[in-house]
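The lines below spell out each chain.
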2 protein chains.
Amino acid sequence: MTLFVDMDEVIADTYGAHIKRVNERYNMNLTKEACRGGEVWQQLPDHREAIWRHYFEPGFFRELDPIAGSQEVLRELSEKYEVYIASAAMQFPDSLKEKHEWLDEYFPFIHWSKRILCGDKHILRGDVLIDDRSHNLEHFVGRSLIFTSPHNVNTTAFERVNSWEEVCSKLL
Amino acid sequence: MTLFVDMDEVIADTYGAHIKRVNERYNMNLTKEACRGGEVWQQLPDHREAIWRHYFEPGFFRELDPIAGSQEVLRELSEKYEVYIASAAMQFPDSLKEKHEWLDEYFPFIHWSKRILCGDKHILRGDVLIDDRSHNLEHFVGRSLIFTSPHNVNTTAFERVNSWEEVCSKLL
């Protein structure tokens, strides 16, 4: 079985990093719970552009926390299946090396040959895609699993996994 | 139709860059013709390691010349088909941004969403792969076109294209 796993908001806590910056910079107390059903910027629409620019700050992608359970479960999955990391990173040229280094740190068991930095994900050939974004999941030919992130909690179109524990029980 | 196009030795003259460095550094007069049937390092087996390290020199991938005809033909192809660039770049972390910038310079009409930096290429879903390496072509499910490079002239396993002119006449 070939399995593709997205990075941001699936194994890397991008959403949490946006909240952390917003709380520091605007002296706020946002939480993921308070943001449920939308993007972080929707809590501060006047700062949408500034929040978007987080993606271009040196170190943004390198300093993300791993999502709870992702390391342990992906290690197990990669012993049984062909596990690829597939991140739509090409939009952020400076993220490419940071993402590679981040994987070296937290997912060293995912060999370079199994890392994909791309744009469109419908060009992937395999059995399962775990992703947080509908636009990636809807064009994938295979089993699409939506990984819960605050922004997608109201989406009903896909088989849902709320945690890496649930991924484990579905796939292992 | 979805078309995947490799970078090194298909649209970027990596082979020529190795020869240029070897000629400058070892005061030689190697040519592509003299190397036919093998890799550049096979002409200087004692320097295999040093030639491999070219890949890790800053600027190596950024300074490559485009292969003759690749820009014109890919522009035409991309107006008719879904054209993706797919490069097994993950082995060289410093190449990632350089390759992205190189594409911005020479192939600006290939949008970021159509650029793939990966390892294994058998995870690509599409109709045609143009590549110079047998190990990429043999596992692709679709039409595999081998693009002639000095190192692959003796390979007979795939449909061959000797130039971008030939790609044009086969696909356009």
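Being a predicted model, the structure only gives us computed values, none of them experimental.

Brief notes about the pairing of strand 4 (residues 128-131) of chain B
Residues and elements named next belong to chain B. Because side chains alternate across strand 4, one face comprises the buried residues Val128 and Ile130, and the other comprises Leu129 and Asp131, equally buried. Inspection of the sheet shows strand 1 (residues 2-5) paired to strand 4 by three bridges, in the parallel sense. Within strand 4, the position partnered with Phe4 by the bridge is Leu129. Sheet topology note: the strand 4/strand 5 (residues 143-147) ladder contains four bridges and is parallel. When the bridges of strand 5 are listed, Ile130 appears paired with Leu145.

Thoughts on the packing of aromatic side chains
All names here are of chain A. All chains considered together, the criterion is met by 30 aromatic pairs over all chains. Judged by centre distance (5.8 Å) and plane angle (65°), the rings of Phe107 and Phe109 are edge-to-face. When its relative accessible area of 21% is taken as the criterion, Phe109 is described as partly exposed. An aromatic cluster is built from Trp52, Tyr55, Phe56, Phe60, Phe61 and Phe92, whose rings are joined through pairwise contacts. In this arrangement the basic side chain of Arg48 is found over the ring face of Trp41, its NZ or CZ atom lying 3.7 Å from the centre.

So, the pairing of strand 2 (residues 82-87) of chain B
Residues and elements named next belong to chain B. Counted residue by residue, strand 2 has five buried out of six residues, so it is predominantly covered. Taken together, the three bridges between strand 2 and strand 3 (residues 115-117) define a ladder with parallel strand orientation. The residue of strand 3 that forms the bridge with Ile85 is Arg115. Crossover strand 2 to strand 3 through helix 5 (residues 95-106) is right-handed.

Quick word on the UniProt feature "active site" (unreviewed entry) in chain A
Residue and element names in this part refer to chain A. The UniProt record marks Asp6 and Asp8 with the feature "active site" (unreviewed entry), using the residue numbering of this structure. Topologically, Asp6 is positioned in the loop between strand 1 (2-5) and helix 1 (14-26). The class for Asp6 is buried, based on a relative accessible area of 5%. Setting aside residues up to four positions removed in sequence, Asp6 forms contacts with Ile11, Ala86, Ser87, Lys121, Ile130, Asp131 and Asp132. Among the polar contacts listed, one links the side chain of Asp6 to the side chain of Lys121, at a separation of 2.9 Å.

Here's the deal with the side chain of Arg115 of chain A
Within the secondary structure layout, Arg115 of chain A lies in strand 3 (residues 115-117). For Arg115 of chain A, a relative accessible area of 3% corresponds to the buried category.

A closer look at the relation of the copies chain B and chain A
Rotating chain B by 180° and translating it 0.0 Å along the rotation axis places it on chain A, where the RMSD comes to 0.0 Å. Each copy turns onto its partner about a two-fold axis. When the interface residues of chain B are mapped onto chain A, 100% of them again lie at the interface, so the same face is used by both copies.

Points about the interface of chain B and chain A
Opposite the 25 residues of chain B that make contact, chain A presents 25 residues. Note on chain B versus chain A: buried area summed over both sides is about 2,400 Å², and carbon and sulfur give 59% of it. Along the contact surface separating chain B from chain A lie four salt bridges. Here Lys97 of chain A ties to Asp94 of chain B by a salt bridge, and the two come within 2.6 Å at their closest N and O atoms. On inspection of chain B and its partner chain A, the count reaches 19 residue pairs in polar contact (both at pLDDT 80 or more).

A word on the packing of helix 4 (residues 70-80) of chain B against helix 7 (residues 164-171) of chain B
Residue and element names in this part refer to chain B. The contact between helix 4 and helix 7 brings their axes to 9 Å, and the two run at 20°. If you check the angle between helix 4 and helix 7, you find them roughly parallel. Pair helix 4 / helix 7 crosses with left-handed handedness. Contacts between helix 4 and helix 7 pair Ser70, Val73, Leu74 and Leu77 from the former with Trp164, Val167, Cys168 and Leu171 from the latter. The residue inventory of the contact of helix 4 with helix 7, partitioned by class, reads seven nonpolar, one polar and no charged.

Some details on helix 7 (residues 164-171) of chain A
Residue and element names in this part refer to chain A. Within the span of helix 7, buried status applies to Trp164, Val167 and Leu171. For helix 7, the buried positions fall inside an angular range of 50° around the axis, keeping them on one side. In helix 7, the exposed positions that point more than 90 degrees away from the buried face belong to Glu165 and Ser169. As for helix 7, its buried residues are in contact with strand 1, helix 4 (70-80), strand 4 (128-131), strand 5 (143-147) and strand 6 (159-161).

Rules of the game
Residues numbered from 1 in each chain as written. Chains lettered and ligands numbered in written order. Predicted model: local features only at pLDDT ≥ 70, side-chain atom pairs only at ≥ 80, totals over all residues. Heavy atoms only, no water. Buried < 20%, exposed > 50% of the residue type's maximum accessible area, 1.4 Å probe, protein only. Helix = DSSP H or I, 4+ residues; strand = E, 2+ residues; numbered from the N terminus. Pairing = 2+ DSSP bridges. Phe/Tyr/Trp six-rings, centres within 6.5 Å; stacked < 30°, edge-to-face > 60°. Lys NZ or Arg CZ within 6 Å of the ring centre and 35° of its normal. Right-handed = clockwise from strand over helix to strand, strands pointing away. UniProt positions renumbered as here; feature names shortened; annotations may be inferred. Contact = heavy atoms within 4.5 Å. Polar contact = N/O pair within 3.5 Å; in protein donor to acceptor, adjacent residues only side chain to side chain. Least-squares fit on C-alpha atoms with pLDDT ≥ 70 in both. Buried area = accessible area lost by both parts, 1.4 Å probe. Salt bridge = Lys/Arg side-chain N within 4 Å of Asp/Glu carboxyl O. Axes fitted to C-alpha atoms, helices over the stretch in contact; angles between N-to-C directions. Parallel < 35°, antiparallel > 145°, perpendicular 65-115°, else oblique. Left-handed = near helix turned anticlockwise from the far one by under 90°. Nonpolar A, V, L, I, M, F, W, Y, C, P; charged D, E, K, R; others polar. Arc of directions from axis to C-beta.

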